[in-house]
Amino acid sequence: MAHQDALSQEARNAFPGDLHPAWIRACRRLAGAGYGEAVAKAYVRSSPRLALLVSPQAAVDLAGTVSGVAIRAGRVAAELLPQQAVSVAVMLGEDGFLRWLRLVEDVGLKASESLAHLLEQTPQLLTQIGLEGLQTWTRIGIRMAEGDKQRRLRFFRLEDPSAVRWLQRASGQTGFTDMESRLRPFLTALWGDSPPLRETPANAPEQARRRAGFDGGIVRLPSSFPGFQARDAEHLYRAAAAHIAAHLRFTRDRFPVGGLRPAQVALVSLIEDARVEQLAMLELPGLARLFLPLHSAQPSSAVTAPALFARLSRALADPSYADPNPWIAKARKAFAGEELHDQQLSRRIGNLLGNDLGQMRVQFDPKNYVVQPPYRDDNLALWDFGDDDSQAQDAEQVLSSARIRREENDEHPGRTEQENKPDGEAGRVELQPALMEGVPVARYGEFDYVTGREQPDWVSVKEYPAQAASAAQVARLRDDRTDLANRVTALIRSAKVSRAERLRRQSEGEFLDIDACIDAAIARRIGEPPSPRIHGRYERRSRDLSVLLLLDVSQSTSDLVGNRRHTVLDVERQAAALLSQAMSGLDDPFAIAAFCSDRREDVRYFRIKDFAQPYDGLVEARLAGLQSGFSTRLGAAVRHAGADLAKQRSYRRLLLVVSDGEPSDIDTEDRRYLVEDARRAVQGLSRLGVNTFCVGLDSTPEGSLERIFGQRNAINIATVERLTEMLPKLYLTLGK
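From a predicted model like this one, the values you see are computed outputs, not experimental measurements.

## Points about the overall build of the protein chain
Looking only at helices and strands, the protein chain features 27 helices and 18 strands. Counting all 736 residues of the protein chain, 52% fall into the buried class. For the protein chain, the computed accessible surface area is about 33,600 Å², with 48% contributed by carbon and sulfur atoms.

Printed below as a string of structure tokens:
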């Protein structure tokens, strides 16, 4: 019984004085709470050691946390907690242990269903990314799931590719995402061919996820090679890609499985691997430096099928390797006597060696067989299983536990892995938009201010067709303020935004023109009257500015502004019409776009006018067709508009955002989160040389626009009349 263990001398030593009765009471509470005997026993066994590692009081207090976890996350998590607490205390010490315990309590509150999986993997995760990394990773997992328990479970079970990628980045490992762009030119350099590369789907069977493969000319590579450091992993990826490229070049036909036994299937595959590598190394001898270091098998007394197969792989690849085993020597001799371009040699030698293996009474277990070395593929594409897969079930299990030709994504049924996609877009999930829906055009990262990290490829921007309405509405708004339109045009016309030109031989200026001074001195020496134009100055004499006007059309823009006659969106239309008319009259390149959002997977972007398009009735019709709706995920819209603007080759590039308030979206409860992300997006554009300025329409003084754009680059106005106050300030900033 648990309480009997509590009376042990070890416990008395761990909990001195008054803490021993307190610990006894804690044990009895857990034993009598109905959580199950295993939970109480786990606490009783682990807490004395924890008391020695951390402190007796912390060990007593752990009982309360165990009880809370049992209630929220269940008995399995509650039983795991005391056991893992000892491991964490050994790894992190007292301070780290207490921080980890707060993390456990937090996950128990926010993602109770996932706590057991987190606890199971805690020592491994701490070794991989440390405590701070673990805190960040759990926060990202909870935020990504957006309240969906199944998504949280996939994340904490490491079945979600983004969970694995984040761990790889945090731990410095190299994965498929890091290697994809490097492998493409590498494969092209080998034989002038660049087959499409795909990451093994996350929902593929585990055996397939860890092994490279190919099918129909498409190369499939695992998302990572667990346990390999960055440099070794890169070597492994290159070797795997080169090995499959050798198959694609030298393996012409599939082998029929027929009545082959599993051991023969494995051996034929092994011989074929060796054959294509030998042919590859004959054409490209440098590949030996890629393949051979990964063969680490050594002669030993163990006569098991996996050991013999690994030694045989090395013997056929490495001529300097010596192995005394007669079976391997026989295979080596048979392989050396064959014509390598004859693919059937693999079948002949494999059959022969398989029969010998049977006579040697060496058992072969297909369930536990793993192809060695790890860069070699699963050989699934080498075999023709015929129409009746049941006859080849064991053989197929040798190669891989599943065929991967098309994997449906359970989470997003609309997403499908396209294996025959053009190479330029290889390795990405293609979104199949339904009719009348937006077209996904880009994915952007999003900054999490709490973790201080950017979650890559987090937000999807979709471009929707701009709906047209009667242009008369916009024309009427513009014509109502003809006087204001003229003043805005005059203000913009007077602003000179360009590179300052150096004007020489001026009668007055900012500096002396040395050439003019020399000419004046020469004129004086020879008795001629010198020219007084010996000065120079800098002057902006032209305009060199591109502007993108980005309009917020979220639901809040349907509110009425101060005069109660127009909505915020009406004011935006009027401001856009006035500015557009002025800029088009001056031939300034400018574009107009609008945005709103419906969660992170649907940031809606509407192109009202592109830079090369004239400002005409169609543009005004599109402005008139704008409707308020959804939310304001400002950061992604700013990034997308900024990417468009950054392509302009103007001296100054201005992103002018017109919004009525601060960023928000329904999948984000933390109001500061999107504010900080938008601020990060603006800072990113600044580094690209893109100026950003925000006009807040009827926004509250305590809003966050100044936080996002900076105090000098944000201004609040309630009516378009104040545009005339805003523009001089804006152009003064740009002219600096």
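And the narrative resumes.
## A look at the packing of aromatic side chains
Counted by the stated rule, this structure contains 14 aromatic pairs. Ring centres 4.9 Å apart and planes at 35° place the aromatic pair W137 and F155 in the tilted group. Of the two residues, W137 sits in helix α7 (residues 115-145) while F155 sits in helix α8 (residues 149-156), which places them 18 residues apart along the sequence. In this pair, the class of W137 matches that of F155, namely buried. Linked through ring pairs, W137, F155 and F156 together constitute an aromatic cluster. Against the face of F186 rests R238, its NZ or CZ located 5.2 Å from the ring centre. If you follow R680 out to its NZ or CZ, it ends over the ring of F447, 4.1 Å from the centre.

## What to know about the sheet that holds strand β12 (residues 535-539)
Strand order in the open sheet made by the 3 strands is β10-β12-β11, with antiparallel pairing throughout. The sheet is open, and its two borders are formed by β10 (501-506) and β11 (511-512), each paired with just one other strand. Alignment of β11 against β12, held across 2 bridges, turns out to be antiparallel. The residue bridging F511 from the neighbouring strand is G536, located in β12. The strands touched by helix α21 (residues 514-525) within the sheet are β10 and β11, with β10 carrying the most contacts at an inclination of about 10°.

## Some points on the pattern of salt bridges
Once their charged atoms are close, side chains differing in charge can pair, the charge on each being opposite to the other. Scanning all chains against the criterion turns up 36 salt bridges. In this structure, D448 and R143 form a salt bridge, with 3.3 Å as the shortest nitrogen-oxygen distance. With D448 in strand β8 (residues 439-448) and R143 in helix α7, the pair connects residues that are 305 residues apart, well separated along the chain. Between R633 and D667 there is a salt bridge whose closest N-O contact spans 2.8 Å. Here D667 lies in the loop between β16 (652-659) and α25 (671-687) and R633 lies in the loop between α23 (617-624) and α24 (634-645), a separation of 34 residues in the sequence. In this pair, the class of R633 matches that of D667, namely buried. Several salt bridges share partner residues, and in doing so they unite E446, R633, D665 and D667 into one network.

## So, a nonpolar patch on the surface
Among the surface-exposed residues, L512, I514, I518, I522 and I526 lie close enough to one another that they form a single nonpolar patch of about 490 Å² accessible area. With 3 residues, the single largest contributor to the nonpolar patch is α21. By relative accessible area, I514 is classed as exposed at 54%.

## Focus: the layout of surface pockets
If you add up the space inside the second largest pocket, you get close to 660 Å³. As for the second largest pocket, its lining consists of 23 residues, of which L158, V164, R210, S224 and P226 are closest to the centre. Mapped onto the lining of the second largest pocket, the elements with two or more residues apiece are α7, α9 (161-171) and α11 (206-209). By residue number, the principal contributor to the lining of the second largest pocket is α9, which donates 4 residues. For the lining of the second largest pocket, the class distribution of residues is 7 nonpolar, 9 polar and 7 charged.

## Section: the sheet that holds strand β1 (residues 197-199)
Spatially, the 3 strands line up as an open sheet ordered β1-β3-β2, and their pairing is mixed. Each edge of the open sheet is held by one strand with a lone partner, namely β1 and β2 (213-215). Mean inter-strand twist for the sheet, computed between neighbouring axes without regard to direction, equals 30°. In terms of strand pairing, β1 meets strand β3 (residues 218-221) through 3 bridges, oriented parallel. Looking at β3, one finds that E199 is bridged to L221.

## Describing helix α5 (residues 56-73)
Its 18 residues give α5 an end-to-end C-alpha distance of 25 Å, which sits within 8% of 26 Å, the value for a rise of 1.5 Å per residue. Regarding α5, the residues found buried are A58, A59, V60, L62, A63, T65, V66, S67, G68, V69 and A70. Tucked inside the fold, the buried residues of α5 contact α3 (19-32), α4 (37-53), α6 (75-110) and α7. Phi for G74, located one or two positions after α5, is positive at around 100°.

## Overview of the packing of helix α13 (residues 262-283) against helix α15 (residues 305-317)
Remark: α13 packs on α15, axes separated minimally by 9 Å, with the N-to-C direction vectors making an angle of 25°. Classified by the angle between their axes, α13 and α15 sit roughly parallel to one another. In terms of crossing hand, the pair formed by α13 and α15 is right-handed. Contacts between α13 and α15 involve A263, A266, L267, L270, I271, A274, E277, Q278 and M281 from the first element and F309, L312, S313, L316 and A317 from the second. Per-class residue counts for the contact of α13 with α15 are 11 nonpolar, 2 polar and 1 charged.

## Some details on the nonpolar core
One finds W100, W137, L548, L550 and L655 to be the most contacted residues of the largest nonpolar core, which totals 92 residues. The leading source of residues in this core is α6, at 14 residues. The residues touching L548, leaving out its near neighbours within four places in the chain, are A591, A593, Y605, F611, A641, D644, L645, L654, L655 and L656.

## Topic: the side chain of R653
Residue position: R653 is located in strand β16. Despite its burial, R653 remains without a salt bridge, the nearest opposite charge being carried by D544 at 9.1 Å. Here Q648 takes part through its backbone oxygen, which lies 3.4 Å from a polar atom of the side chain of R653. Beyond its immediate stretch of four places on either side in the chain, R653 contacts S546, L645, A646, Q648, L688, G689, V690 and N691.

## Quick notes on unusual backbone geometry
Following Q372, the chain continues to P373 via a peptide bond in cis, the omega torsion being -5°. Within the fold, P373 resides in the loop between α17 (344-359) and β5 (383-384). Of note, the phi angle at L158 is positive, near 65°, even though the residue is not glycine. When you line up the elements, L158 lands in the loop between α8 and α9.

## Section: the confidence of the model for the protein chain
Model confidence for the protein chain is summarised by a mean pLDDT of 82, while 87% of its residues fall at 70 or above. Considering only residues more than four positions removed or in separate chains, one finds that residues 400-435, a stretch of pLDDT under 50, has 74 contacts.

## Some thoughts on the environment of Q473
Here Q473 is to be found in helix α19 (residues 471-480). The class of Q473 is partly exposed, set by a relative accessible area of 27%. As a C-alpha pair, Q473 and A621 span 148 residues in sequence and 8.3 Å in three-dimensional space. Excluding residues that lie within four positions of it along the chain, Q473 makes contacts with D570, R573 and A624.

About the thresholds
- Going along each chain's sequence as written, the residues are numbered from 1 onward.
- Local features in a predicted model are, by the rule used here, given only for residues with pLDDT of at least 70; side-chain atom pairs are given and counted only at 80 or more, and totals for whole chains, interfaces and linings are based on all residues.
- As a rule here, side-chain values cover all heavy atoms of the structure and leave hydrogens and water aside.
- Secondary structure elements follow DSSP: runs of H or I no shorter than four residues count as helices, runs of E no shorter than two count as strands, and numbering proceeds from the N terminus.
- Each residue gets one of three labels from its accessible area relative to the maximum for its type: buried under 20%, exposed over 50%, partly exposed in between, using a 1.4 Å probe on protein chains only.
- Using a 1.4 Å probe, the Shrake-Rupley method yields the accessible areas, and only the shown protein chains count as cover for residues.
- We call Phe, Tyr and Trp rings a pair once their centres come within 6.5 Å, taking the six-membered ring for Trp, and we label the pair stacked below 30 degrees between planes, edge-to-face above 60, and tilted otherwise.
- The rule for a charge over a ring is simple: NZ of Lys or CZ of Arg within 6 Å of the ring centre, and within 35 degrees of the ring normal.
- We treat two strands as partners when DSSP finds at least two bridges between them.
- What makes two residues a contact is simply this: any of their non-hydrogen atoms within 4.5 Å.
- Axis definition: a line fitted to C-alpha atoms, over the contacting stretch in the case of helices. Angles run 0 to 180 degrees between N-to-C directions.
- Salt bridges, as used here, are contacts in which a Lys or Arg side-chain nitrogen is within 4 Å of a carboxyl oxygen on Asp or Glu.
- Residues enter patches when they are more than 30% accessible in relative terms and free of salt bridges; like-charged ones are connected within 9 Å and nonpolar ones (Val, Leu, Ile, Met, Phe, Trp, Tyr) within 5 Å.
- Points on a 1 Å grid over protein atoms alone make up a cavity when a 1.4 Å probe fits among them but cannot get out, and a pocket when they form an open set with protein on both sides within 12 Å along at least five of seven lines; lining residues each have an atom within 4 Å of a point.
- Grid points are joined across faces, edges and corners, and a volume is the space filled by probe spheres set on the points.
- The nonpolar class holds Ala, Val, Leu, Ile, Met, Phe, Trp, Tyr, Cys and Pro. Asp, Glu, Lys and Arg form the charged class, and all remaining residues, Gly among them, are polar.
- A helix is expected to span 1.5 Å for every residue after the first.
- When an angle is under 35 degrees it counts as roughly parallel; over 145 it counts as roughly antiparallel; between 65 and 115 it counts as roughly perpendicular; any other value is oblique.
- In a left-handed crossing the near helix is turned counterclockwise from the far helix by less than a right angle, and in a right-handed crossing that turn is clockwise.
- To form a nonpolar core, buried Ala, Val, Leu, Ile, Met, Phe, Trp, Tyr and Cys residues must be joined to one another through side-chain atoms within 4.5 Å.
- For the purpose of counting charges, residues Lys and Arg are taken to be positive, whereas Asp and Glu are taken to be negative. His and the chain ends are not included.
- In protein, a polar contact means a hydrogen-donor-capable atom and an acceptor-capable atom, both N or O and within 3.5 Å, with residues adjacent in sequence counting only if both atoms are side-chain atoms; elsewhere, any N or O pair within 3.5 Å suffices.
- pLDDT expresses, on a scale from 0 to 100, how confident the predictor is about each individual residue.

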